[in-house]
Amino acid sequence: MNNSSTPPSSSSSEAGDSRSLVFVPSEPLRPPRTAPPVSDSSAESRSSVSSGHNSSSAADALVKNSKLSAAASEFVPGSYASFQDDVYSDESEGFYVEPSLADFVQEFVSHLYSSPGSFETEIDYITDTLNSCVTTEETLQELVELIYVQSTSVPHFAYTVARLCNHLSHHIHFSPASGNFRQLLLKRCHTEYEQREQALRGDPDTQKKFYSYVLFLGELYINLEIKSGKNKPGRANILLGALKDLLNTLFSHPDNPNLMCAVKLLKLTGSVLEDTWKEKGQSDMDEVIKKIEDIVLDAKCSRDVRTMLLKLVELRSSNWGRVHTAAVSSDATPDNDPNYFMNEPTFYTADGTPFTAADPEYSEKYQEILDREDCFPDAYEEDGNDSFCSDEDEMDPEIEEAFERFCMESDARRKK
C-alpha cells in the first residue's frame, strides 16, 4: 500500500504517463507547481488599467468644473433654415393633417372619374362627409364652385358629375337664405350662360371650357330632377330655354368647333328636347333642323363636319334612333302588337306537332290536350307533354319473374 501511494522517484515519469492515460473527468486536476511567467502584454494591460483609472478621475474633475448644463436650450447653427409642416398637434393622437373641403372634393372626383361604377356604393359616404363639412353659406358656395369647376375641366366627366349634382341637390341638408345647393348651382351656370358670346370669341382654352360647359348643361338637364309635392319629378325648365339659346349661339358662329359641339349636344339631348317641346305644342326642333340644313348648304365647314350634320338630320328623321314601343299590355292585341304572342308557351299535339296561341287552330288543338288530360289525368303536364314520374312503380309479377330469371342466367354465364 505504501509503495503504491509513494512510488520511487526513478519511476515518477512512467507513473505520470499512466495517470494521463486513465484521466477521470470527475477528479480535479492538480494546480501547476509553478506559475506561468509574466509576459509583457499582461504588464501593459495592468498599466492601461491604471491609466484608465487616472483618466476617469480626470473626467470626473472636468465634469465638476464644467459650466455646461443639461437643461440648456438646443443649439442651432446660424445657417440652418427652420421648416414647419402645415399640421396641428394633438397631445393624445400625435400629428394629423386636417384635409380641406377642396382636398376632399378633388379626392372623390378623382375616384369617381377613375371608377365611375363605384358611384352607387360611394355616394352615401361622400354625401355624409359633405354634410359634416358644409355648415355655413361660405362652404356651400365653395362646394358649388368646386364641383362646377370639376365638371368643366375634367374631360368626359359630365354625366357622372351631373348625377352627383342631382344626388346632392336632394341630400345636402344645409340650406341658407341665399339658396340651397341646386339653386346655387343653377345660378353659377346662369353666370356662364350670360358670358356665352364672349366665350366664343375668346382664346382656344376659353372656348374649350365653354364647350365642356354646354355638354355639362345638357347632362344636367337630363339628370337633374326637381320634385314638387306628390307629382312626378320633372326637369328644370330654365335649362330648356338655356339649351335652345346655346344652340342658336353655336349656329350663329358656324365654324367647325362650334358645329361639332352643337352636334354632340343634340345627339345627347335631341330626343328629350323634342318630346318636351312637342308636349308644349312648340316646333322648336323643326327650327333647329332647318338651321342645320341651311348651314350644310351655305356654311364653309369641313367635309367631315358637313357629314356629321347630315347624319344628325337623318338621326332625327328616324325618331332619334328610338324603336317604336309596343302597345300597353292592357290595350295590346294581335293586330297592334307584333310581339303579342312572343311569350306564349309552346304546346304539342298527340303526334308531336308544336303549336302556340298564334296558330289559327289553337282552340281545337288545345281542347284535345284538355280531353286527353281528362282521360289520363296523371299522364300529361300542363303543356300537353307526356309526364315522367320520378317515383319507381312496382313491376308486374310476370315481368319481375322474368327479370329475376335473367339476372340468374347472367350470373351463371359470368361464373363459367
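On a predicted model such as this, the values are computed, not experimentally measured, just so you know.

A. Here's a closer look at the packing of helix α13 (residues 284-298) against helix α14 (residues 303-317). Running from amino to carboxyl end, α13 crosses α14 at an angle of 150°, the nearest separation of the two axes being 10 Å. With respect to each other, α13 and α14 are oriented roughly antiparallel. Of the two elements, α13 crosses α14, and the hand of that crossing is left-handed. Residues M285, D286, I289, I292, E293, I295 and V296 of α13 pack against R306, L309, L310, L312, V313 and R316 of α14. Across the contact of α13 with α14, the residue classes tally to nine nonpolar, no polar and four charged.

B. Layout of the packing of aromatic side chains. Considering all chains together, one arrives at six aromatic pairs under this definition. Residues Y113 and F157 carry aromatic rings whose centres are separated by 5.9 Å and whose planes lie at 70° to one another, so their mutual orientation is edge-to-face. You can see Y113 sitting in helix α4 (residues 101-114) and its partner F157 sitting in the loop between α6 (137-153) and α7 (158-171), a full 44 residues away along the chain. Judged by its relative accessible area of 39%, Y113 falls in the partly exposed class. Connected via pairs of aromatic rings, a cluster forms that spans Y148, F210, Y211 and Y213. Seen from the ring of F119, R163 lies directly overhead, with NZ or CZ sitting 4.1 Å from the centre. Just above the ring of Y221 sits the side chain of R235; from NZ or CZ to the centre is 5.8 Å.

C. Helix α8 (residues 181-194), seen in detail. The end-to-end C-alpha distance of α8 is 20 Å, a good match for the 20 Å that 14 residues give at a rise of 1.5 Å each. Taken as a whole, α8 has its buried residues at F181, L184, L185, L186, R188, C189, E192 and Y193. Looking at the buried positions of α8, the neighbouring elements they touch are α6, α7, α9 (196-200), α10 (204-223) and α11 (237-252). The distance from a side-chain oxygen at the start of α8 to the backbone nitrogen of R182 is 3.3 Å, and the residue carrying that oxygen is N180.

D. Local environment of the pattern of salt bridges. This structure, assessed with the given rule, holds 11 salt bridges. In this structure, the salt-bridge partner of D286 is R316, at a minimum N-O distance of 2.5 Å. One end of the pair, D286, is in helix α13; the other, R316, is in helix α14, and 30 residues separate them in sequence. Judged by relative accessible area, which is 41%, D286 ranks as partly exposed. Of the charged contacts in the structure, one is a salt bridge between K290 and D294, with a shortest N-O distance of 3.1 Å. With a gap of four residues between them, K290 and D294 both fall in helix α13, about one helical turn apart. A residue is classified by how much of its surface remains accessible, and D294, at 30% relative accessible area, is partly exposed.

Calculation notes
Residues numbered from 1 in each chain as written. Predicted model: local features only at pLDDT ≥ 70, side-chain atom pairs only at ≥ 80, totals over all residues. Heavy atoms only, no water. Axes fitted to C-alpha atoms, helices over the stretch in contact; angles between N-to-C directions. Helix = DSSP H or I, 4+ residues; strand = E, 2+ residues; numbered from the N terminus. Parallel < 35°, antiparallel > 145°, perpendicular 65-115°, else oblique. Left-handed = near helix turned anticlockwise from the far one by under 90°. Contact = heavy atoms within 4.5 Å. Nonpolar A, V, L, I, M, F, W, Y, C, P; charged D, E, K, R; others polar. Phe/Tyr/Trp six-rings, centres within 6.5 Å; stacked < 30°, edge-to-face > 60°. Buried < 20%, exposed > 50% of the residue type's maximum accessible area, 1.4 Å probe, protein only. Lys NZ or Arg CZ within 6 Å of the ring centre and 35° of its normal. Expected span 1.5 Å × (residues − 1). Polar contact = N/O pair within 3.5 Å; in protein donor to acceptor, adjacent residues only side chain to side chain. Salt bridge = Lys/Arg side-chain N within 4 Å of Asp/Glu carboxyl O.

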